[in-house]
Amino acid sequence: MNAISLKRIKKDYVSLRRGKVEALKDICLEVDPGSFFVLLGPSGCGKSTLLNIIAGIENPTAGDVMIGDEVVASASQRKYLTPRRRDVAMVFQSYALYPHMTVYDNIAFPLKIAKTERGEIGRRVRQVSETLEIADLLEAKPAELSGGQRQRVALGRAIVRKPSVLLLDEPLSNLDALLRISMRAELKKIQRRLELTTVFVTHDQLEALSLGDRVAVLKDGLVQQVGTPHDIFSDPANLFVAQFIGTPPMNVLDGRMLEKARKRLRNTATRQDPGRILLGIRPAHIRVSTDGEGLFDGNISLISSLGNENLLYIDVMGQQILASVTDAGRFKEGQTVQIDFDETTLFSFRKEDGGRIR
Ligand SMILES: Nc1ncnc2c1ncn2[C@@H]1O[C@H](COP(=O)(O)OP(=O)(O)OP(=O)(O)O)[C@@H](O)[C@H]1O
Ligand SMILES: [Mg+2]
């Protein structure tokens, strides 16, 4: 049994100004029990809408939502359970805490609403605050806390009821870079320990890859690919996924480079009509040399350090190619270099619709 099943979910918004907006077009997804599932995509692709539909804050225009073996929303049956009856907890991007309440009362709040017995409230709040390492902050008010601590209080408030599903909408986006990374690890550890089925929304691909057991990539209200982080990075279903996942982004060779590269290629996919294919290659797979050997001559227009790797921006036949190298000491800006690559590292796509050619 899946923890969550989404069956042919559609969502239209109708507004006076924009007319009909098809926020979600035909979404089918399945989330395994106890897994960490990530919805990843650019702004406006429908991530929050989908999470809100799982939570019961929005109703789908078409399709069914199941949590466990129960249908919690069905457009055809006009059946929509309230958020509370779904046994889900959600943390919003703004994670608004009650400013006048202590940390203890913030975390206890959902239990009080559910009329839980006082002793039990105390036990649960203490247990959750120990898990989240905020047990020493229970008497503090939100204003006295750091961003990461507030984040953990919001998470505590969400998990204290022991929901069967935890929904998180970009919960780390308000934190500074270092705190984000440590909170990511914390969140994943807590999720693992509690074996809590979690759906996490983000537009940050690194966050998605580092957190997700499985990741669904969305664009314009449609799922582009679902898979493990390794799947979507190493075996992208289409050009959009290939370019959205991975930093620095994949290079796509334009017509003239393609024409020249093709002469050497043997693979049937890459030998197709150059007017109809696109070839992609990741910056780490570009070989840069200064020995005069190589498929293309290029000129380094910029060297940019990323700490343990360096990015070379290379002008090749009027196109900018990104190459990532570990030892940039060999190169200098303005230098003429040769670039090359192995055919096996190329990805081919249909020009027409970006679909992968295998
Ligand atoms: N209440 C609404 N009325 C009309 N259109 C809406 C409404 N809510 C969302 N939309 C539209 O639906 C689409 C999807 O919005 P959604 O908020 O789900 O995107 P998102 O992927 O969460 O984006 P972001 O990363 O910016 O939060 C967008 O085009 C948005 O403008
Ligand atoms: Mg959103």
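The rules behind these values
- Residues numbered from 1 in each chain as written.
- Chains lettered and ligands numbered in written order.
- Predicted model: local features only at pLDDT ≥ 70, side-chain atom pairs only at ≥ 80, totals over all residues.
- Helix = DSSP H or I, 4+ residues; strand = E, 2+ residues; numbered from the N terminus.
- Buried ≥ 20, exposed ≤ 12 C-beta atoms within 10 Å, placed from the backbone.
- Axes fitted to C-alpha atoms, helices over the stretch in contact; angles between N-to-C directions.
- Parallel < 35°, antiparallel > 145°, perpendicular 65-115°, else oblique.
- Left-handed = near helix turned anticlockwise from the far one by under 90°.
- Contact = placed C-beta atoms within 7 Å.
- Nonpolar A, V, L, I, M, F, W, Y, C, P; charged D, E, K, R; others polar.
- Pairing = 2+ DSSP bridges.
- Core = buried A, V, L, I, M, F, W, Y, C linked by C-beta atoms within 7 Å.
- Domains from an automatic or database assignment.

### Some remarks on unusual backbone geometry
Leave glycine aside and you will find that most residues have negative phi; peptide bonds, for their part, are mostly trans. Cis geometry marks the peptide bond from Thr247 to Pro248; its omega dihedral reads -10°. For Pro248, the position within the fold is in the loop between helix H8 (239–244) and strand S12 (251–253). Look at Lys115: it is not a glycine, yet its phi comes out positive at around 60°. Among the secondary structure elements, Lys115 is positioned in the loop between helix H2 (103–113) and helix H3 (118–131). For Lys115, a count of 7 C-beta atoms within 10 Å puts it in the exposed group. The residue Glu133 is not glycine, and still its phi comes out positive at about 55°.

### A look at the packing of H2 against H3
Between H2 and H3, whose axes approach to 10 Å, the crossing angle comes to 130°. On the basis of the axis angle, H2 is oblique to H3. Pair H2 / H3 crosses with right-handed handedness. When H2 is examined against H3, the residues Tyr104, Ile107, Ala108, Leu111 and Lys112 are found in contact with a partner set consisting of Ile121, Arg124, Val125, Val128 and Ser129. Taken together, the residues of the contact of H2 with H3 sort by class into seven nonpolar, one polar and two charged.

### Thoughts on the sheet that holds strand S14 (residues 287–289)
Spatially, five strands are ordered S14-S18-S15-S16-S17 in an open sheet, and the strand pairing comes out antiparallel. Both edges of this open sheet fall to S14 and strand S17 (319–325), since each of them pairs with a single strand only. Ignoring strand direction, the axes of neighbouring strands in this sheet form an average angle of 45°. Here three bridges tie S14 to strand S18 (residues 336–340), and the two strands are oriented antiparallel to one another. When the bridges of S18 are listed, Ser289 appears paired with Gln338.

### So, the sheet that holds strand S20 (residues 356–357)
The four strands lie next to each other as S12-S13-S19-S20, forming an open sheet whose pairing is antiparallel. The sheet is open, and its two borders are formed by S12 and S20, each paired with just one other strand. Judged from the three bridges that link them, S12 and strand S13 (residues 277–281) form a sheet pairing that is antiparallel. Bridged to Val252 within S13 is Gly280.

### Description of the pairing of strand S8 (residues 165–169)
For S8, the buried fraction is high: five of the five residues fall into the buried class. Neither face of S8 is open: one carries Val165, Leu167 and Asp169, the other Leu166 and Leu168, and all of them are buried. Note that strand S7 (residues 88–91) and S8 share four bridges and pair parallel. In the strand pairing of S8, Ala89 is matched with Leu166. Relative to strand S9 (residues 197–202), S8 runs parallel, the two sharing five bridges. Pairing of Leu166 across the sheet is with Thr198, part of S9.

### Some thoughts on the environment of Gly122
By secondary structure assignment, the location of Gly122 is in helix H3. Linking Gly122 and Gly56, residues 66 residues apart in sequence, is a C-alpha distance of 29 Å.

### Some words on the nonpolar core
Leu39, Ile54, Leu167, Val199 and Ile339 are the most contacted members of the largest nonpolar core, which totals 89 residues. Taken domain by domain, the makeup of this core includes at least three residues from each of domain 1 (4–244) and domain 2 (251–357). Once you skip the residues sitting within four places of it in the chain, Val199 turns out to touch Ile4, Val31, Phe37, Leu39, Leu51, Ile54 and Leu167.

### Examining the environment of Cys45
With respect to the helices, strands and loops of the structure, Cys45 is situated in the loop between strand S3 (36–40) and helix H1 (47–55). The exposure class of Cys45 is buried, given the 22 C-beta atoms found within 10 Å. Residues Cys45 and Lys219, spaced 174 residues apart in sequence, show a C-alpha to C-alpha distance of 4.9 Å. With residues up to four places along the chain from it excluded, the contact list for Cys45 reads Leu218, Lys219, Asp220 and Gly221.

### Here's the deal with H1
Counted residue by residue, H1 has seven buried out of nine residues, so it is predominantly covered. Taken together, the buried positions of H1 are occupied by Lys47, Thr49, Leu50, Leu51, Ile53, Ile54 and Ala55. Downstream of H1 by one or two residues, Gly56 has phi in the positive range, about 95°.

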